[in-house]
Amino acid sequence: MNLFLRRFLGVEKKKAKPINDLHKKWEKRLSIGSGILIFCMSMAVIKYGPTASLFVFGLTVVIGIAQVLLRAGFEKKHAENPNDYLFTILEALTNVMILMIFGFSLFPDFISFVLNIY
């Protein structure tokens, strides 16, 4: 799928490295902050049980979206190819959809487990 997206948008294959120093600084801050936040929320799961697991799951999704949007924002502003940010967003959406399809097909009880639906 990435090959198709790269050819369609005319984007070269890129390595996962920061766009510039400002991007590197913000990415580092976001990674450290999200690591601390996820650790603290995981401790809440131990204390409050499975009801807090939905909050950890939601927080993980929000942090993932923030990281993709941070990268896409810097690519839109500073990248040589104007379609780099579109590729980043579409690649993330494609990866999430593939993981969801495989996850739900391999583990059909996953939704009821995560959302505590009985």
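For the structure, check the block above.
None of the values given here were measured: they were computed from a predicted structure. (Residues numbered from 1 in each chain as written. Predicted model: local features only at pLDDT ≥ 70, side-chain atom pairs only at ≥ 80, totals over all residues. Heavy atoms only, no water.)

The next thing to look at is the packing of helix 1 (residues 2-9) against helix 4 (residues 84-106). One way to put it is that helix 1 packs onto helix 4 with a least axis distance of 10 Å and a crossing angle of 155°. The orientation of helix 1 with respect to helix 4, classified from their angle, is roughly antiparallel. Here the hand of the crossing between helix 1 and helix 4 comes out right-handed. In contact with Asn 2, Leu 5, Arg 6 and Leu 9 of helix 1, helix 4 contributes Leu 86, Phe 87, Leu 90, Glu 91 and Thr 94. For the contact of helix 1 with helix 4, the per-class residue count stands at five nonpolar, two polar and two charged. (Axes fitted to C-alpha atoms, helices over the stretch in contact; angles between N-to-C directions. Helix = DSSP H or I, 4+ residues; strand = E, 2+ residues; numbered from the N terminus. Parallel < 35°, antiparallel > 145°, perpendicular 65-115°, else oblique. Left-handed = near helix turned anticlockwise from the far one by under 90°. Contact = heavy atoms within 4.5 Å. Nonpolar A, V, L, I, M, F, W, Y, C, P; charged D, E, K, R; others polar.)

Before going further, it helps to examine helix 1. Buried within helix 1 are the following residues: Leu 5, Arg 6 and Leu 9. Relative to the axis of helix 1, the buried residues are bounded by an arc of 100° and lie together on one face. Exposed side chains of helix 1 directed beyond 90 degrees from the buried face belong to Phe 4, Arg 7 and Phe 8. Check the buried side of helix 1 and you find it contacts helix 4. Backbone geometry just downstream of helix 1 places Gly 10 in the positive-phi region, at approximately 70°. (Buried < 20%, exposed > 50% of the residue type's maximum accessible area, 1.4 Å probe, protein only. Arc of directions from axis to C-beta.)

This brings us to the environment of Leu 30. Here Leu 30 shows up in helix 2 (residues 21-48). In this structure Leu 30 comes out as partly exposed when scored by relative accessible area, which is 25%. Expressed as a C-alpha distance, the spacing of Leu 30 and Gly 58, which sit 28 residues apart in the sequence, is 16 Å. Ignoring any residue separated from it by four or fewer positions in sequence, one finds Leu 30 in contact with Ala 66, Gln 67 and Leu 70.

From the geometry alone we can't say anything about function, so treat these as descriptive.
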